[in-house]
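Architecture at a glance
Chain residues, written in single-letter form:
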Amino acid sequence: MSPETDLPAPAPEAAPDPAVEARAAVLARLDAAKVAADVAETAYRAEAARRTEELARERAHAWRRADLMRSLAAALDGIGDAEMAVAAGQALLRARLGWSDDSEARAEVLARFAPVAVALFEMESEAAPEAALAALAAFEDWYATTRQSAFWYLFEHYLPDTPLVDF
């Protein structure tokens, strides 16, 4: 016997089963769809988190803005002139921010806030808030430009707990 005759004859190659290939194609498409859905969900959740944070920041600033201006309007009741209005506005701002000492930066902020107090003081009618709102917007813009953050972040300062001592 020759060595060629000792080897078994190679099996004929089986033709690919079209059903197996079709099922593999379906599974591949389903796998691609699940990956795409995962990517879309992750992107949506990131965008929703970013937008939620943005809206929360805008809400906090709006509340702080309204609260400060309401307090300023109350502080200006009974004030006789613009100079006193500026002093009252600056005193209010110092108190709200907990500024008990002076610095060059704080003095600059207080000086830039003065037109807001004057504009609110000089309002002649309830129907004309544009000047006060414009003064506040100009102040906020100045602060954001020079300090690279919103003015309203100053109101987020940490106040440590003071221990209660009972004598």
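Scroll up a little and you will see the structure.
**A closer look at the packing of helix α3 (residues 82-97) against helix α4 (residues 104-121)**
Between two packed helices, what matters for the description is the angle formed by their axes and the separation of those axes. The contact between α3 and α4 brings their axes to 8 Å, and the two run at 125 degrees. In terms of orientation, α3 lies oblique with respect to α4. At the point where α3 passes α4, the crossing takes the right-handed sense. Between α3 and α4, the contacting residues are A82, A85, V86, G89, Q90, L93 and R94 on the first element and V109, L110, A111, F113, A114, A117, V118 and F121 on the second.

**What to know about the pattern of salt bridges**
Under the definition given, this model contains 12 salt bridges. Of the charged contacts in the structure, one is a salt bridge between R45 and E41, with a shortest N-O distance of 2.9 Å. Of this pair, R45 and E41 both sit in helix α2 (residues 18-76), 4 residues apart, roughly one helical turn. E41 sits in the partly exposed class, given a relative accessible area of 39%. Salt-bridge contacts for E54 lead to R50; the nearest nitrogen and oxygen are separated by 2.7 Å. Residue E54 and its partner R50 are located together in helix α2, separated by 4 residues, close to a single helical turn. When salt bridges with common partners are traced through the structure, they connect E47, R50, R51 and E54 into a single cluster.

**Comments concerning the packing of aromatic side chains**
Taken as a whole, this structure holds 8 aromatic pairs when the rule is applied. Note on W142 and Y143: the rings are 6.0 Å apart at their centroids and 75 degrees apart in plane angle, and the pair reads as edge-to-face. Looking at Y143, the relative accessible area reads 7%, which means it is buried. On the basis of an interplanar angle of 75 degrees and a centroid distance of 4.8 Å, the ring pair of F151 and W152 is categorised as edge-to-face. Owing to a relative accessible area of 1%, W152 belongs among the buried residues under this scheme. Within the aromatic cluster, the residues linked to one another by ring pairs are F113, F139, W142, Y143, F151, W152 and F155.

**Some points on the nonpolar core**
Grouped together as the largest cluster of nonpolar side chains are 26 residues, with contacts concentrated most on L68, L72, L93, V109, V116 and F151. Sorting the residues of this core by element identifies α2, α3, α4 and α5 (130-147) as the ones contributing at least two each. With 7 residues, α4 is the largest single contributor of residues to this core. If sequence neighbours within four positions are ignored, L72 has contacts with G89, L92, F113, V116, A117 and L120.

About the criteria used
Residues numbered from 1 in each chain as written. Predicted model: local features only at pLDDT ≥ 70, side-chain atom pairs only at ≥ 80, totals over all residues. Heavy atoms only, no water. Axes fitted to C-alpha atoms, helices over the stretch in contact; angles between N-to-C directions. Helix = DSSP H or I, 4+ residues; strand = E, 2+ residues; numbered from the N terminus. Parallel < 35°, antiparallel > 145°, perpendicular 65-115°, else oblique. Left-handed = near helix turned anticlockwise from the far one by under 90°. Contact = heavy atoms within 4.5 Å. Salt bridge = Lys/Arg side-chain N within 4 Å of Asp/Glu carboxyl O. Buried < 20%, exposed > 50% of the residue type's maximum accessible area, 1.4 Å probe, protein only. Phe/Tyr/Trp six-rings, centres within 6.5 Å; stacked < 30°, edge-to-face > 60°. Core = buried A, V, L, I, M, F, W, Y, C linked by side-chain atoms within 4.5 Å.

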